[in-house]
Amino acid sequence: MKADNPELPREIMELQMGPSHPATHGTIKFNLKLEGEKVLDCDVELGFLHRGFDKSCEQATWTQVIPYTDRLNYASSLINNVGYALAVEKLIGAETPPRCQYIRVIISELARLFDHLTCCGMAASELGAITVGFYMIEARELIIRIIENLTGARLTVTYVRIGGLKHDLPQDFAERVAAAFTTIRKLLDDCDRLLSRNRIFLDRMANVGVIAKESALDHSLTGPILRATGVDYDVRKAFPYLVYDKFDFEIPLGSHGDNYDRFLCRLGEIQESMKIVEQALRQLPVGPVWIDDARFVLPEKEKVYGSIEGLMHHFKIIMEGIQVPAGETYSAVEGGNGELGFYIVSDGGGKPYRLRVRPPCFIAMGAFAEMIKGYMVADIVPTFGMINMIGGECDR
Amino acid sequence: MAETSPQLQHIQGKLGAKVLSASEPQGDQVVALDRAGLRESFRLLKEDPELSFNFLSDITAVDYWQKQEPRFEVVYQLVSLQRRRRLRVRVSVPESDAVVDSLTPLWRGANYLEREVWDLYGIRFSDHPDLRRILLYDEFIGHPLRKDYPVNQCQPRVPERHVDGTFVDERSRNKLLRLQKTLAKKN
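Residues numbered from 1 in each chain as written. Chains lettered and ligands numbered in written order. Predicted model: local features only at pLDDT ≥ 70, side-chain atom pairs only at ≥ 80, totals over all residues.

**Some words on the overall build of chain A**
Here's step 1: Helix and strand content of chain A: 17 helices and eight strands.
Here's step 2: C-alpha extents for chain A along the principal axes are approximately 90 × 45 × 35 Å.
Here's step 3: Within chain A, contacts between residues at least 6 apart in sequence are counted, and of these 70% link residues at least 24 apart. (Helix = DSSP H or I, 4+ residues; strand = E, 2+ residues; numbered from the N terminus. Contact = placed C-beta atoms within 7 Å.)

Quick look at the structure:
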């Protein structure tokens, strides 16, 4: 029986995919309208992980917000930390010492590696390439071990502070990174040979989930999804922050705007991030990691326990929070999924009056219906995987 | 008005009285625009070749309850990709008439962002194609990011929603009956 037999009854089928589906990384629901296997329309229902991030931040002191930012995009929590600290420092008007800025670049790039390895590995294993999934998770594990050695935690790191860092790098940091990168390069090489020209993988990824350049800009997309369409917009190059202008690195661009280009962009960025980390470790200057401003920095423990002034100073910062001057500012960093912006409003007190995160994957989900219309149900999995929706950031 | 950069002066020249104020705190460029004719102002910012703020980065709102009148402020972040510049646009919105022009005709990306502002602040966007709640559920009472919404507020329990036309067994049965009917007709 042929599928286009006019005598067979046809009707549009409504299918609800999610919220508990193995391919919906967090919890998200697609209300699909299908004709056979073809997706006619897709309405995304999100917010299952909404926990009132903005409202919670308004109740916490400026420093207490840092652990909350960990839980936004938990695959690259270090970038969230850095982005938030940069926004508050911009409002204060403080600039951290060079060593701190270099370390922030290093940890941002490690977090980006973490994010991209998770995204690519998961996307590959969802399409059946489970070996590649395991290889990339192994590579990611090496990054996590470095982060664990540095911060004491694997995911929710809380490493960056306003005006500095929790502490300096450990002694053997550079050697650990060098050793890990050697293994990661070998693993990525294996993945590349297994996957990048694999017929099954190509058929599922190439020319699927295509979005045109103009449409991507219209939908405010950023990050690898936008760059896969060929638009050269990366916050690190367009609006350089920290010391990114001192490194030699490329921004991988795609041309078709399909899932395969997104995958290649992410793989390319993994290589570039490793280059940036190596350059930063070579150039790493010596010096303090904290700004020299007692209004924002906790006093040393000897002073806290040895003098009444030190104790009061400590108490004021912990109990009242650092005093950020009244004003508003917006500061953006390049997160794993795109422009991660922090818009903060201060009324001059110890707590944020308003804290808004520009969540890149929330905005990408707005373009999801456009990406998937006209494709098959099975194409939802790779397209959604390549958006890399992280519930913590999307739903806040 | 304080000294402003050539770009802000250019915006003031183009938009005239629509620009209520322009400032540059912390090196950012900020303009406050009039709520009337907002979409046309944004169209000019987007399409004027010397400004070309063609990328809408973000839309959010701030509630200045009991601090400032009008109460709300909707904040837009624009980027000019060609000129590598950012611009922040602030629009004051009173509580009694919390409506702003929707930017969805200019940028489709405004759709989700405006839905979020409606959901959390209760500010409406006129001519928005699909202004529903997005992060919260339809039965939610109030708009939680308003400053007069208590942080420990509880919400009533929601009865189970009845969804029309998705009872699969019924549909498959009907489909089977129709199929049998067509086949019987054929024979």
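**Considerations on the overall build of chain B**
Here's step 1: The helix and strand inventory of chain B stands at four helices and seven strands.
Here's step 2: Reading chain B from its N terminus to its C terminus gives the helix and strand order α-β-β-α-β-β-β-β-α-β-α.
Here's step 3: Whereas a compact globule of 187 residues would reach a radius of gyration of roughly 16 Å, chain B reaches 24 Å, over 25% beyond that.
Here's step 4: The principal-axis extents of the C-alpha atoms in chain B amount to approximately 85 × 45 × 25 Å.
Here's step 5: Of all intrachain contacts in chain B linking residues separated by at least 6 positions in sequence, the fraction that spans at least 24 positions is 46%. (Rg over C-alpha atoms; globule rule 2.2 N^0.38 Å.)

**Side note on the packing of helix α4 (residues 98-126) of chain A against helix α16 (residues 380-387) of chain A**
All names here are of chain A.
Here's step 1: Running from N to C, α4 and α16 point in directions that differ by 175°, and their axes come no closer than 9 Å. Taken together, α4 and α16 sit at an angle that is classed as roughly antiparallel. Touching Met122, Ala123 and Glu126 of α4 are Val381, Pro382, Gly385 and Met386, all from α16.
Here's step 2: Of the residues in the contact of α4 with α16, the class split is five nonpolar, one polar and one charged. (Axes fitted to C-alpha atoms, helices over the stretch in contact; angles between N-to-C directions. Parallel < 35°, antiparallel > 145°, perpendicular 65-115°, else oblique. Nonpolar A, V, L, I, M, F, W, Y, C, P; charged D, E, K, R; others polar.)

**A few points about the environment of Glu69(B)**
Residue and element names in this part refer to chain B.
Here's step 1: With respect to the helices, strands and loops of the structure, Glu69 is situated in the loop between β3 (55-63) and β4 (72-80).
Here's step 2: Judged by C-beta crowding, with 9 C-beta atoms within 10 Å, Glu69 ranks as exposed.
Here's step 3: A C-alpha to C-alpha distance of 8.7 Å links Glu69 and Val93, two positions 24 residues apart in sequence. (Buried ≥ 20, exposed ≤ 12 C-beta atoms within 10 Å, placed from the backbone.)

**Regarding the sheet that holds strand β8 (residues 352-358) of chain A**
Pairing between the strands of a sheet comes from backbone hydrogen bonds, and it takes one of two forms, parallel or antiparallel.
Residue and element names in this part refer to chain A.
Here's step 1: Here we have three strands laid out as an open sheet, ordered β6-β7-β8, and antiparallel in their pairing. The open sheet is flanked by β6 (327-334) and β8, the only strands paired with a single partner. In this sheet, adjacent strand axes meet at a mean angle of 15° when their direction is disregarded.
Here's step 2: As paired strands, β6 and strand β7 (residues 339-346) are joined by eight bridges and run antiparallel to one another. Following the sheet pairing, Glu334 is matched in β7 by Glu339. (Pairing = 2+ DSSP bridges.)

**Things to note about the interface of chain B and chain A**
By a widely used convention, the size of an interface equals the accessible area lost when the partners come together.
Here's step 1: Between chain B and chain A, the contact holds 31 residues from the first and 34 residues from the second.
Here's step 2: Of the residues forming the side of chain B that touches chain A, the biggest block, six residues, is contributed by β3(B).
Here's step 3: Among the residues making up the side of chain B that touches chain A, the classes are represented as 15 nonpolar, nine polar and seven charged.

**Some details on the nonpolar core**
Here's step 1: If you look at the biggest cluster of nonpolar residues, it comprises 162 residues, and the most contacted ones within it are Val88(A), Leu110(A), Met365(A) and Val74(B).
Here's step 2: Among the elements that take part in this core, α4(A) stands out by supplying 15 residues, more than any other.
Here's step 3: Those residues in contact with Val88(A) that lie beyond four places of it in its chain are Trp62(A), Ile162(A), Val324(A) and Ile344(A). (Core = buried A, V, L, I, M, F, W, Y, C linked by C-beta atoms within 7 Å.)

**What about the packing of α4(A) against helix α5 (residues 130-151) of chain A?**
Residues and elements named next belong to chain A.
Here's step 1: Where α4 meets α5, the axes come as close as 8 Å, and the angle between the chain directions of the two elements is 160°. One finds that α4 runs roughly antiparallel with respect to α5. Note on packing geometry: the crossing formed by α4 with α5 is left-handed. From α4, Leu110, Leu113, Phe114, Leu117, Thr118, Cys120, Gly121, Met122, Ala124 and Ser125 reach across to α5, where they touch Ile130, Val132, Gly133, Met136, Ile137, Ala139, Arg140, Ile143, Ile144, Ile146 and Ile147.
Here's step 2: Classifying every residue of the contact of α4 with α5 gives 16 nonpolar, four polar and one charged. (Left-handed = near helix turned anticlockwise from the far one by under 90°.)

**Some points on the environment of Gly18(A)**
Here's step 1: Structurally, Gly18(A) can be placed in the loop between β1 (13-17) and β2 (29-35).
Here's step 2: The sequence separation of Gly18(A) and Leu169(A) amounts to 151 residues, and the corresponding C-alpha distance is 42 Å.

**Re helix α3 (residues 77-92) of chain A**
All names here are of chain A.
Here's step 1: Over its 16 residues, α3 extends 23 Å from the first C-alpha to the last, a length consistent with the 22 Å expected when each residue adds 1.5 Å.
Here's step 2: For α3, a buried count of 16 out of 16 residues is recorded, marking the element as mostly surrounded by other parts of the structure.
Here's step 3: A positive phi of about 85° marks Gly93, the residue just after α3. (Expected span 1.5 Å × (residues − 1).)

**Thoughts on the sheet that holds β2(A)**
Residues and elements named next belong to chain A.
Here's step 1: Spatially, β1-β2-β3 is the arrangement adopted by the three strands of the open sheet, whose pairing is antiparallel. Edge strands, defined here as strands with exactly one partner in the open sheet, are β1 and β3 (38-45). The mean inter-strand angle of the sheet, taken between neighbouring strand axes irrespective of direction, is 20°.
Here's step 2: Judged from the five bridges that link them, β1 and β2 form a sheet pairing that is antiparallel. Across the sheet, residue Met17 finds its bridge partner in β2, namely Phe30.

**Quick word on the environment of Leu188(A)**
All names here are of chain A.
Here's step 1: Locating Leu188 in the fold gives a position in helix α6 (residues 173-195).
Here's step 2: The exposure class assigned to Leu188 is buried, which follows from the 20 C-beta atoms found within 10 Å.
Here's step 3: Once you skip the residues sitting within four places of it in the chain, Leu188 turns out to touch Ala139 and Ile270.

**Section: the confidence of the model for chain B**
Here's step 1: Residues with a pLDDT of 70 or more make up 93% of chain B, whose mean pLDDT is 84.
Here's step 2: Reported for the predicted complex are a pTM of 0.86 and an ipTM of 0.84. (pLDDT = per-residue confidence, 0-100.)

**Brief notes about the pairing of β3(A)**
All names here are of chain A.
Here's step 1: One ladder, built from seven bridges, connects β2 with β3; its direction is antiparallel. Within the sheet, the bridge partner assigned to Leu32 lies in β3 and is Cys42.
Here's step 2: Hairpin connection from β2 to β3: two residues lie between these consecutive antiparallel strands, with Gly36 at a positive phi of about 65°.

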